[in-house]
Amino acid sequence: MKRISMFFAVLAGSFAMMLSAQDPGAKSDIKDAGKDVKNAGAATGKATAKIAKKTAKVTKKTTKKVVHKSADAVSNTADKVADKTTDKSK
């Protein structure tokens, strides 16, 4: 009799452990997926910000070069026009 009651006790304990070891379910998966999406969005935002800053710096530098080259070209053209007008008056 003692063996049978011990067997049922072990069987009941095993059954209880099996029930507690089940998968937490779909709610947990949905929460994890939401966290993953949030983290991915944050990483994408950070990467986009870095790219935007880099693009802005390059654009600023290039624009500055173009403005200076244009100013030099206008200055040279103005000097050439001034030279031609002073030569004709002599």
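The structure this text deals with has already been given above.
Every chain is numbered on its own, with residues counted from 1 as its sequence reads. Residues qualify for local features only when their pLDDT is at least 70, as the model is predicted, and side-chain atom pairs are given and counted only at 80 or more; totals for whole chains, interfaces and linings, by contrast, use all residues. Just so you know, side-chain values use all the structure's heavy atoms and leave hydrogens and water out.

(A) Highlighting the overall build of the protein chain. Scanning the protein chain from terminus to terminus reveals two helices and zero strands. Only protein chains enter the accessibility calculation, which uses a 1.4 Å probe; a residue is then buried when its area is under 20% of its type maximum, exposed when over 50%, and partly exposed in between. Out of the 90 residues belonging to the protein chain, those deemed buried represent 0%. Methods summary: accessible areas were calculated by the Shrake-Rupley approach with a probe of 1.4 Å, and residue burial reflects only the protein chains presented. Summed over all atoms, the accessible surface of the protein chain reaches about 8,700 Å², with 66% contributed by carbon and sulfur. Secondary structure elements are defined from DSSP: runs of H or I of at least 4 residues count as helices, runs of E of at least 2 residues count as strands, and each element is numbered from the N terminus.

(B) Spatial organisation of a nonpolar patch on the surface. Taken together, the side chains of Ile4, Phe7, Phe8 and Leu11 define a hydrophobic patch exposed on the protein surface, amounting to about 430 Å² of accessible area. Here Ile4 lies in helix α1 (residues 2-20). Judged by its relative accessible area of 48%, Ile4 falls in the partly exposed class. Patch members must show over 30% relative accessible area and no salt bridge, and they are joined within 9 Å when carrying like charges or within 5 Å when they are nonpolar side chains of Val, Leu, Ile, Met, Phe, Trp or Tyr. Any Lys or Arg side-chain nitrogen found within 4 Å of a carboxyl oxygen on Asp or Glu counts as a salt bridge.

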